[in-house]
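What follows is each chain in one-letter form.
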Protein chains: 2
Amino acid sequence: MGNPKGSRTERELLYLFHSTGKFAPLRIAGSGSSPLPCPDLIVGGMNRVLAIECKSGKGRRDIDKQQIEELKEFSRIFGAEPWIATRFNNMPWYFLKLNQLGISKGKNYFIDQEIAIKKGIKFEELIGKYKQKKLYS
Amino acid sequence: MGNPKGSRTERELLYLFHSTGKFAPLRIAGSGSSPLPCPDLIVGGMNRVLAIECKSGKGRRDIDKQQIEELKEFSRIFGAEPWIATRFNNMPWYFLKLNQLGISKGKNYFIDQEIAIKKGIKFEELIGKYKQKKLYS
């Protein structure tokens, strides 16, 4: 993420996974600056591995196509599920699959509050505590 | 590791895994200082996940019992294989399972060149390129 606020929300998500007692989360050194592709967080547990890119902020966040491709490729080699975790101000965490992101001109991606609420799943659903029925998917 | 030399050897191992094209390695932020247990590297690929603590230097390295317990517990929750990676000066990497470490007085652990050579496996064997027959195990 490369900004203090991003690091703060990454740590928040780290502790959220840790608090379940069923997942072991890790923050990656130099994500965003490393020459090798890497997500912000990697989380293992319950026979799953989640590779997570965090996007937090007030409004719409654009995401480079290359960053999504790298997350996809990293996850394929590692054997992980790629996820985008969003945390907009005063909203809970929403988690989206890569094909649920908005697509902007120039074939880049974006995420905003509307897409997060409409398509994303909440933390409890992500970790399998309950299944939420989505009207739109 | 918390020291520049440790970071350098960690990066060396990172690129070694990356160069295989079959493993996706990650360096963990704040390993050694994070309040949550975490290894130095986590590596996924070929249907495996390796949680690796790096120990490099000139001679014998002592390892706190607590660090080993935390690596074991982290790996159990994450679903990873715990490994100690050693890199002594002018020697190749050797990888050891936790029960292959030396045990010192006070029930702490240690690793030195002799144990590394006698009990450890080399990188190619770790990643399954070939099987090396150990006379001592």
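Data block above holds the structure.
Residues numbered from 1 in each chain as written. Chains lettered and ligands numbered in written order. Predicted model: local features only at pLDDT ≥ 70, side-chain atom pairs only at ≥ 80, totals over all residues. Heavy atoms only, no water.

K.L.:
Would you mind showing me how to read the sheet that holds strand 1 (residues 24-27) of chain B here?
P.N.:
Adjacent strands of a sheet pair through backbone hydrogen bonds, lying either parallel or antiparallel. Residues and elements named next belong to chain B. Strand order in this open sheet of six strands is 1-2-3-5-6-9, and the pairing throughout is mixed. The open sheet is flanked by strand 1 and strand 9 (121-122), the only strands paired with a single partner. Across the sheet, helix 2 (residues 65-78) is in contact with strand 2 (41-45), strand 3 (48-57) and strand 5 (81-88); its angle to strand 3 comes to roughly 160°. (Pairing = 2+ DSSP bridges. Helix = DSSP H or I, 4+ residues; strand = E, 2+ residues; numbered from the N terminus. Contact = heavy atoms within 4.5 Å. Axes fitted to C-alpha atoms, helices over the stretch in contact; angles between N-to-C directions.)

K.L.:
It is not clear to me how the pairing of strand 5 of chain B should be interpreted in this structure. Could you clarify?
P.N.:
Along any regular strand, the residues point their side chains to alternate faces of the sheet. Residue and element names in this part refer to chain B. Inspection of the sheet shows strand 3 paired to strand 5 by eight bridges, in the parallel sense. Paired with Gly-57 across the strands is Phe-88, a residue of strand 5. Pairing between strand 5 and strand 6 (residues 94-96): three bridges, direction antiparallel. Bridge pairing links Thr-86 to Tyr-94 in strand 6. The turn linking strand 5 back onto strand 6 is made up of five residues, and Asn-90 within it adopts a positive phi angle of 65°.

K.L.:
What should I look at first to understand the interface of chain A and chain B in this one?
P.N.:
One frequent convention defines the size of an interface as the accessible area lost when the parts assemble. Of the residues lining the interface, 26 residues belong to chain A; the matching set on chain B comes to 26 residues. Roughly 1900 Å² of surface becomes buried between chain A and chain B when both sides are summed, with 78% attributable to carbon and sulfur atoms. If you sort the residues of chain A by the area they bury against chain B, Leu26(A), Leu36(A) and Phe78(A) come out on top, with a joint share of 34%. Our count for the chain A to chain B interface comes out at zero salt bridges. The tally of links between chain A and chain B comes to four residue pairs in polar contact (both at pLDDT 80 or more). Breaking the side of chain A that touches chain B down by element, the ones donating at least two residues are helix 1 (4-20), strand 1 (24-27), strand 2 (41-45), strand 3 (48-57) and helix 2 (65-78) of chain A. Looking at the side of chain A that touches chain B, the element that brings in the most residues is strand 2 of chain A, giving four residues. (Buried area = accessible area lost by both parts, 1.4 Å probe. Salt bridge = Lys/Arg side-chain N within 4 Å of Asp/Glu carboxyl O. Polar contact = N/O pair within 3.5 Å; in protein donor to acceptor, adjacent residues only side chain to side chain.)

K.L.:
What is the right way to read unusual backbone geometry from this model?
P.N.:
Outside of glycine, negative phi angles account for most residues, and trans bonds account for most peptide bonds. Positive phi, close to 55°, is recorded for Met46(A), a residue that is not glycine. Inspection of the secondary structure puts Met46(A) in the loop between strand 2 and strand 3. Among the residues examined, Met46(A) registers a relative accessible area of 48% and is labelled partly exposed. Its identity as a non-glycine residue notwithstanding, Asn47(B) has a phi of 60°, on the positive side. With respect to the helices, strands and loops of the structure, Asn47(B) is situated in the loop between strand 2 and strand 3. (Buried < 20%, exposed > 50% of the residue type's maximum accessible area, 1.4 Å probe, protein only.)

K.L.:
How should the packing of aromatic side chains be read in this particular structure?
P.N.:
The description of an aromatic ring pair rests on the distance of the ring centres and on the angle between the ring planes. Enumeration over the complete set of coordinates arrives at ten aromatic pairs over all chains. Between Phe17(B) and Phe23(B) the ring centres are 5.9 Å apart and the planes differ by 65°, which places this aromatic pair in the edge-to-face class. Just as Phe17(B) is buried, Phe23(B) falls in that class too. By way of ring pairs, the aromatic residues Phe17(A), Phe23(A), Trp93(A), Phe95(A) and Phe123(A) are connected into one cluster. Against the face of Phe110(B) rests Arg60(B), its NZ or CZ located 3.9 Å from the ring centre. (Phe/Tyr/Trp six-rings, centres within 6.5 Å; stacked < 30°, edge-to-face > 60°. Lys NZ or Arg CZ within 6 Å of the ring centre and 35° of its normal.)

K.L.:
I keep staring at the relation of the copies chain A and chain B and nothing clicks. Help me out?
P.N.:
Mapping one chain copy onto the other needs a rotation about an axis and a shift along that axis. When chain A is brought onto chain B, the operation consists of a screw motion whose angular component is 180° and whose axial shift is 0.0 Å, with 0.0 Å RMSD remaining. Expressed as an axis order, the relation between the two copies is that of a two-fold axis. Rotation axis and chain A: the residue whose C-alpha lies nearest the axis is Ala29(A), separated from it by 2.0 Å. (Least-squares fit on C-alpha atoms with pLDDT ≥ 70 in both.)

K.L.:
Explanation requested: helix 2 of chain B in the structure shown.
P.N.:
Structural remark: α-helix, 3.6 residues per turn; residues separated by three or four positions point the same way. Here helix 2 of chain B is 14 residues long and its end C-alpha atoms lie 20 Å apart, about the 20 Å a rise of 1.5 Å per residue gives. Looking at the residues trailing helix 2 of chain B, positive phi occurs at Gly79(B), about 90°. (Expected span 1.5 Å × (residues − 1).)

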